[in-house]
Amino acid sequence: MKLFMVLAAVLAVALAAPPQDERDAHITKYENDNLGLDGYRFQFDTSNRLQRQEEAQLKNFGDDVSALVVRGSYSYTGDDGQVYTVNYIADENGFQPEAAHIPRA
C-alpha cells in the first residue's frame, strides 16, 4: 500500500509539472532547398510542437518587375491544448493569412 501511495504521489508531481520552457525547445526536423534566384522551400518542426513550412517562387509581373510569391503555413499548440494552423500567401496583394481562429472582416 505504501508503494502505491509513493507512486501516486510521484505521478501527481509529474503531472503537475509546468510545460516545457520555450527557451529549451529545439529543432527536431529541418529541410531546406534553395532554388537560387527562382525561390526556396523549407520546413521545420520543434520539440515544443511548432511546425512551419514555406515555399517561394519568383513571379514576373511584367515590365522587368519580378518578386517572390510566398506560400506557407505554421501550426502551434495553444494553452487550451488545441492545435492552431495558419495558412498564408504573400504576393502582390500583401500578406493574406487564413485560419479558423482568425476573424474575417
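Residue numbers restart at each chain and count upward from 1, following the sequence in its written direction. Thresholds applied to this predicted model are a pLDDT of at least 70 for local features of residues and 80 or more for the giving and counting of side-chain atom pairs; totals over whole chains, interfaces and linings are not thresholded and use all residues. Hydrogens and water are ignored here; the side-chain numbers use all heavy atoms of the structure.

Glancing now at the overall build of the protein chain. Broken down by element type, the protein chain carries one helix and six strands. Starting at the N terminus and ending at the C terminus, the protein chain contains elements arranged as α-β-β-β-β-β-β. Looking at the 105 residues of the protein chain, the share that counts as buried comes to 17%. Contact between two residues is taken to exist if any of their heavy atoms lie within 4.5 Å; hydrogens are not considered. Look at the contacts in the protein chain between residues 6 or more apart in sequence, and 14% of them connect residues 24 or more apart. The way it works is that DSSP assigns letters per residue, a run of H or I at least four long becomes a helix, a run of E at least two long becomes a strand, and they are numbered from the N terminus. We call a residue buried when its accessible area falls under 20% of the maximum for its residue type, exposed when it is over 50%, and partly exposed in between, using a 1.4 Å probe and counting protein chains only.

Each Phe, Tyr or Trp ring, with Trp reduced to its six-membered ring, pairs with another whose centre is within 6.5 Å; inter-plane angles below 30 degrees give stacked pairs, above 60 give edge-to-face pairs, and intermediate values give tilted ones. Under the counting rule described, the total for this entry stands at five aromatic pairs. Between the aromatic rings of Phe-42 and Phe-44, the centroid separation amounts to 6.3 Å while the plane-to-plane angle is 5°, which identifies the pairing as stacked. By way of ring pairs, the aromatic residues Tyr-40, Phe-42 and Phe-44 are connected into one cluster.

One non-glycine residue, Arg-49, lies in positive phi territory at about 70°. Relative to the helices and strands, Arg-49 resides in the loop between strand E2 (39-46) and strand E3 (51-62). The class of Arg-49 is exposed, set by a relative accessible area of 57%. The backbone of Asp-64 sits at a positive phi, close to 60°, despite the residue not being glycine. The residue Asp-64 is located in the loop between E3 and strand E4 (65-77) in this model.

Turning next to the pattern of salt bridges. Working definition: two side chains of opposite charge can pair if their charged atoms are close together. Only one rule defines a salt bridge in this text: a Lys or Arg side-chain nitrogen within 4 Å of an Asp or Glu carboxyl oxygen. Following the criterion strictly, the structure yields four salt bridges and no others. In this structure, Arg-41 engages Asp-33 in a salt bridge whose closest nitrogen and oxygen atoms are separated by 3.0 Å. The exposure class of Arg-41 is partly exposed, given its relative accessible area of 35%. The exposure class of Asp-33 is partly exposed, given its relative accessible area of 32%.

Within a sheet, neighbouring strands are paired by backbone hydrogen bonds and run either parallel or antiparallel to one another. Here the rule is simple: two strands pair whenever DSSP picks up at least two bridges between them. An order of E1-E2-E3-E4-E5-E6 is seen for the six strands of this open sheet, with the pairing classed as antiparallel. Each edge of the open sheet is held by one strand with a lone partner, namely strand E1 (27-34) and strand E6 (94-98). On average, each strand axis in the sheet is tilted by 10° relative to the strand beside it, whichever way the strands run. As defined by bridge partners, E3 adjoins E4 across 11 bridges and the pair is classed as antiparallel. Directly across from Gln-57, in E4, lies its bridge partner Val-69. Only the contacting stretch of a helix is used when fitting its axis, a line to C-alpha atoms as for every element, and angles between N-to-C directions run 0 to 180 degrees.

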